Amino acid sequence: MINNIIVCGLNHKTAPVEVREKIAFQEFILQEALSKLKNRKGIDECLILSTCNRVEIYAVSPENSENLKNIIIEFIAEFHKILPEKFVNHLYFYNNYEAIRHIFRVGSSLDSLVVGEPQIIGQIKDAYRIAVKTKTTGKVLNKLLHRTFFVAKKVRTETEIANSAVSISFAAVELAKKIFDSLIGKKILLIGAGEMCELAAKHLISNGASEIFVANRTYEKAVELADEFKGHPVNFENRYFIMEKVDIVISSTGAPYFVVEFEKMKEIAKNRKYKPLFMIDIAVPRDIDPKINNIDGIYLYDIDDLKDIVEKNILARKSEAEKAEIIVAQEAQKFLKWLESLDIAPLIVEFRNKFEKIANEEKEKYLKKLNGINDREKEIINHMVNVIVHRLLHEPSVNLKNFQELNLSKTEVENVIRKIFNL
């Protein structure tokens, strides 16, 4: 049986969000979608990966890639009640080697919006867990997904692709980690409600920060943002009082003057007994007086500092991504060999069956001529014949599984074996 792997999907590079959202599969409908796809003629195994940046269907089928594309396009259109022309031009299709390489790249975060980000491998594991629960994976996808997890771990172990922050918010978290051994339990004050300020806070919380205070000139907005983080709204006038309690301050107000002043912070640092305070000023113009960086115990970074870190890290990450691409290509080639060995397996079974049949026929013929031998002696002869057949066929069977090393196609190898042994 032929096992073709195909990937059909779209992502942030090929489709705008208004297209991606129309064919996204939310988690609560994933099992239904998987069952309906698996029930389609020609689909032996399937898995759906749906995130904010990509929607991808992985399928295994004996069908050729063109038929398989049409089956998947038809499924997406029917399931989401959308005309194919609304999304088909945004789709990409990968078959066998390219499909294997693609999922290894996705799992290793080489295809992510932010190369090296760690979230994607968790999202793939969730998608796989749901597919296994729905019983839509089998021998090929099970091995492919486990190999994806292995390759992702290998890339992270053998390269430094995930070691450098390549977004302003990630850079802020990286700096915070250098100042504090751990972010677990750290308290954060947000001054203002800027988008990047909010994003940096999300990353800090995901790294263990525990409590959020929000100070904003419009108190209602402070309440709204505080609710998002299950935090505490603060009157803008009380921002300095809260700074005595927190470990991290992120400011983004858009005010035309400093909202955090040098003299006030000198007093606060003294009251804190110069305990470390990490301050991130993401506002333009700046919110925090840059002289504050000279106060003992206060570590102040503005958006230009963070951009410098990001730019250096992007260059470093590009170099590491090149190393990762080599690992992915090598591992994809190994997996393809295993996949192709499955296609040659029926020939190996036929080949062995023929030889075993001949051996057993000849054995029975000569056993009839050996009058008077007992059961133990018959058992020894049976064992001897089986061992001879096994030893004679072992190396040819192994070499057939590794037929790529003969520089011949599967069809060429199969034709030669069938002609030589009259299969």
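Here the structure is shown first, and the text comes after it.
On a predicted model such as this, the values are computed, not experimentally measured, just so you know.

Peer 1: In this structure, what is going on with the overall build of the protein? I would like to understand it.
Peer 2: Scanning the protein from terminus to terminus reveals 14 helices and 10 strands. Against the 2.2 N^0.38 benchmark of 22 Å for 423 residues, the protein shows a C-alpha radius of gyration of 31 Å, more extended than a compact globule. In terms of overall dimensions, the protein has C-alpha extents of about 110 × 50 × 40 Å along its principal axes. Put simply, 72% of the contacts in the protein that link residues at least 6 apart link residues at least 24 apart. Taken as a whole, the protein presents about 22,400 Å² of accessible surface, with 52% of it coming from carbon and sulfur. For the protein, the separation between the mean place of its 62 positive charges and that of its 60 negative charges on side chains is 5 Å.

Peer 1: Explain a nonpolar patch on the surface to me, please; I cannot follow it from the model alone.
Peer 2: On the surface, M384, I388 and L392 cluster together to form a nonpolar patch covering roughly 310 Å² of accessible area. Mapped onto the secondary structure, L392 falls in helix α13 (residues 375-401). On the basis of relative accessible area, L392 is assigned to the exposed category, the value being 59%.

Peer 1: How do you make sense of helix α11 (residues 262-271) when you look at a structure like this?
Peer 2: Each turn of an α-helix holds 3.6 residues, which means side chains three or four residues apart point in the same direction. Listed in full, the buried residues belonging to α11 are F262, M265, I268 and A269. Taken end-on, α11 shows its buried residues confined to a sector of 120°, consistent with a single buried face. Seen from the open side of α11, the exposed residues pointing more than 90 degrees away from its buried face are E263 and K270. Where α11 is buried, its residues touch α10 (239-243), β9 (277-281) and β10 (298-302). Phi for K273, located one or two positions after α11, is positive at around 60°.

Peer 1: Can you walk me through helix α6 (residues 139-158) in this structure?
Peer 2: Along its 20 residues, α6 runs 28 Å from first to last C-alpha, staying within 8% of the 28 Å computed at 1.5 Å per residue. All of the buried residues along α6 are V140, L141, L144, L145, T148, F149, V151, A152, K154 and V155.

Peer 1: I keep staring at the pattern of salt bridges and nothing clicks. Help me out?
Peer 2: Between side chains of opposite charge, a pair can form when the charged atoms approach closely. Throughout the structure, instances matching the rule amount to 22 salt bridges. The shortest N-O distance in the salt bridge between K36 and E32 comes to 3.0 Å. Taken together, the positions of K36 and E32, both in helix α2 (residues 27-38) and four residues apart, correspond to about one turn of that helix. Taking the relative accessible area as the measure of exposure, K36 reaches 44% and is therefore partly exposed. Linking E56 and R54 is a salt bridge whose minimum nitrogen-to-oxygen distance equals 2.9 Å. Look at E56 and you get buried, because its relative accessible area is 0%. One salt-bridge network, in which partners are shared between bridges, spans K13, R54, E56, E98, R101, R105, D111 and E325.

Peer 1: Before we go on, may I ask you to explain the sheet that holds strand β6 (residues 211-216) in this structure?
Peer 2: Sheet strands pair by backbone hydrogen bonding; their relative direction is either parallel or antiparallel. What the six strands build is an open sheet, ordered β7-β6-β5-β8-β9-β10; its pairing is parallel. The open sheet has two edge strands with one neighbour each: β7 (232-235) and β10. For this sheet, the mean angle separating the axes of adjacent strands, direction not counted, is 20°. Pairing geometry for β6 and β7, over four bridges, is parallel. Counterpart to V214 in the pairing with β7 is P233.

Peer 1: Explanation requested: the side chain of T159 in the structure shown.
Peer 2: Residue placement: T159 occurs in the loop between α6 and α7 (168-179). Looking at T159, its side chain comes within polar contact range of the main-chain oxygen of V155, at 2.6 Å. Within polar-contact distance, the side chain of T159 engages the backbone nitrogen of I161 at 3.3 Å. T159 has contacts with K154, E320, K323, A324 and I327, leaving out every residue within four places of it along the chain.

Peer 1: What exactly am I supposed to notice about the packing of aromatic side chains here?
Peer 2: Any pair of aromatic rings gets described here by the distance separating the centres and the angle formed by the planes. In this structure the tally under the stated criterion is seven aromatic pairs. Residues F75 and F79 carry aromatic rings whose centres are separated by 5.7 Å and whose planes lie at 35° to one another, so their mutual orientation is tilted. With F75 and F79 both in helix α3 (residues 65-80), this residue pair falls four residues apart, about one helical turn. The same class applies to F75 as to F79, namely buried. With 5.8 Å between their ring centres and 65° between their planes, F278 and Y301 make a pair best called edge-to-face. In this pair, F278 is assigned in strand β9 and Y301 in strand β10, connecting sequence segments 23 residues apart. For F278, a relative accessible area of 0% corresponds to the buried category. Classification of Y301 as partly exposed rests on a relative accessible area of 23%. Taken together through their ring pairs, the aromatic side chains of F25, F75 and F79 make up a single cluster. Here K125 stacks its cationic end above the ring of F149, 5.5 Å away from the centre of that ring. A cation sits over an aromatic face here: K264 above Y240, 5.5 Å from the ring centre.

Each value, and the rule that gives it
- Residues numbered from 1 in each chain as written.
- Predicted model: local features only at pLDDT ≥ 70, side-chain atom pairs only at ≥ 80, totals over all residues.
- Heavy atoms only, no water.
- Helix = DSSP H or I, 4+ residues; strand = E, 2+ residues; numbered from the N terminus.
- Rg over C-alpha atoms; globule rule 2.2 N^0.38 Å.
- Contact = heavy atoms within 4.5 Å.
- Areas by Shrake-Rupley, 256 points an atom, 1.4 Å probe, with all protein chains shown as cover.
- Lys, Arg positive; Asp, Glu negative; His and termini not counted.
- Charge placed at Lys NZ, Arg CZ, Asp CG, Glu CD.
- Patch = residues over 30% accessible without salt bridge, like charges linked within 9 Å, V, L, I, M, F, W, Y side chains within 5 Å.
- Salt bridge = Lys/Arg side-chain N within 4 Å of Asp/Glu carboxyl O.
- Buried < 20%, exposed > 50% of the residue type's maximum accessible area, 1.4 Å probe, protein only.
- Arc of directions from axis to C-beta.
- Expected span 1.5 Å × (residues − 1).
- Pairing = 2+ DSSP bridges.
- Axes fitted to C-alpha atoms, helices over the stretch in contact; angles between N-to-C directions.
- Polar contact = N/O pair within 3.5 Å; in protein donor to acceptor, adjacent residues only side chain to side chain.
- Phe/Tyr/Trp six-rings, centres within 6.5 Å; stacked < 30°, edge-to-face > 60°.
- Lys NZ or Arg CZ within 6 Å of the ring centre and 35° of its normal.

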